[in-house]
Amino acid sequence: MSKIKDIRKHNRKKNLYEKVRRYICTKYLRLKAGSVGENVVANLYTKATKTTYIGENSSFNGMRISGKGSVRIGKYLHSGMDCRIITDVHNYEGEMIPYDDTDIVKDVIIDDFVWIGTNVLILGGVHIGEGAIVQAGAVVVNDIPPYAIAGGNPAKVFKYRDKEHFLKLKAEGKFF
């Protein structure tokens, strides 16, 4: 019986630790981002910039957003662990080689209900459409259309969600 008590005590400590970590990570995200909607949760460390705008009910599991460009994230985004969004790159066509001291800045837009898998890299100038899914490990360098499922390096669309089913669930308010 004492072994069961020990397991329960361990689980309570673990749950408390996870709640505290979630609270701290979410608070940090709210302090750093330009704006954050209601019910946004950062389960793991998530870095944003002052030009990051996050819609309500989004969930992050460790994302790093960097660069001078803006990032607009819609409602109900879900991200896997260790994702990155980079909104600027060095200018390799400038006055020096391999690059000069200027940056090329491009914004990122992620629409509502997007699911981003673990270890995804999203580069500047990309628009990810509503309901899209980006497979784990993908490198997104081009737009992903609404309801598309994309993966690879560079990410390519290989399938689409059932749009009618998606819109039915959306109309019914069935959100995770």
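Notes on the structure in this doc start here. Just so you know, these numbers come straight off a predicted model, no measurement behind them.

This part takes up the pattern of salt bridges. Enumeration according to the criterion identifies 4 salt bridges in this entry. The salt bridge partner of K68 is D103, with a shortest N-O separation of 2.5 Å. Here D103 lies in strand β10 (residues 103-105) and K68 lies in the loop between β5 (63-66) and β6 (71-73), a separation of 35 residues in the sequence. For K68, a relative accessible area of 56% corresponds to the exposed category. Judged by its relative accessible area of 30%, D103 falls in the partly exposed class.

As a further point, take the sheet that holds strand β13 (residues 121-123). With parallel pairing, the 4 strands of this open sheet are ordered in space as β5-β8-β13-β16. Both outer strands of the open sheet, β5 and β16 (139-140), are each paired with one neighbouring strand and no more. Sheet analysis places strand β8 (residues 83-86) next to β13, joined by 3 bridges and oriented parallel. In the sheet register, I86 faces β13, and the bridge partner there is L123.

Turning next to the sheet that holds strand β14 (residues 127-128). Strand order across the open sheet formed by 5 strands is β1-β3-β6-β11-β14, with parallel pairing between neighbours. Each edge of the sheet is formed by a strand with only one pairing partner; in this case those strands are β1 (35-36) and β14. Where strand β11 (residues 108-110) and β14 come together, 2 bridges link them in parallel fashion. Paired with I109 across the two strands is H127, which belongs to β14.

On to the packing of aromatic side chains, then. By the definition in use, this model includes 6 aromatic pairs. A ring pair is formed by Y76 and F113, whose centres lie 5.3 Å apart and whose planes are at 10 degrees; its orientation type is stacked. Taken together, the residues span a long stretch of sequence, with Y76 in the loop between β6 and β7 (78-79) and F113 in the loop between β11 and β12 (115-116) at a distance of 37 residues. Residue F113 is classed as buried on the basis of its relative accessible area, which comes to 13%. Consider the rings of Y147 and F166, whose centres lie 5.1 Å apart with planes at 65 degrees: the pair is edge-to-face. With Y147 in the loop between β16 and β17 (148-151) and F166 in helix α2 (residues 163-171), this residue pair connects regions lying 19 residues apart in the sequence. Given the relative accessible area of 9%, F166 is considered buried. Every member of this aromatic cluster is reached through a ring pair, and the members are Y76, F113, Y147, F166 and F175.

Procedures and definitions
Residues numbered from 1 in each chain as written. Predicted model: local features only at pLDDT ≥ 70, side-chain atom pairs only at ≥ 80, totals over all residues. Heavy atoms only, no water. Salt bridge = Lys/Arg side-chain N within 4 Å of Asp/Glu carboxyl O. Helix = DSSP H or I, 4+ residues; strand = E, 2+ residues; numbered from the N terminus. Buried < 20%, exposed > 50% of the residue type's maximum accessible area, 1.4 Å probe, protein only. Pairing = 2+ DSSP bridges. Phe/Tyr/Trp six-rings, centres within 6.5 Å; stacked < 30°, edge-to-face > 60°.

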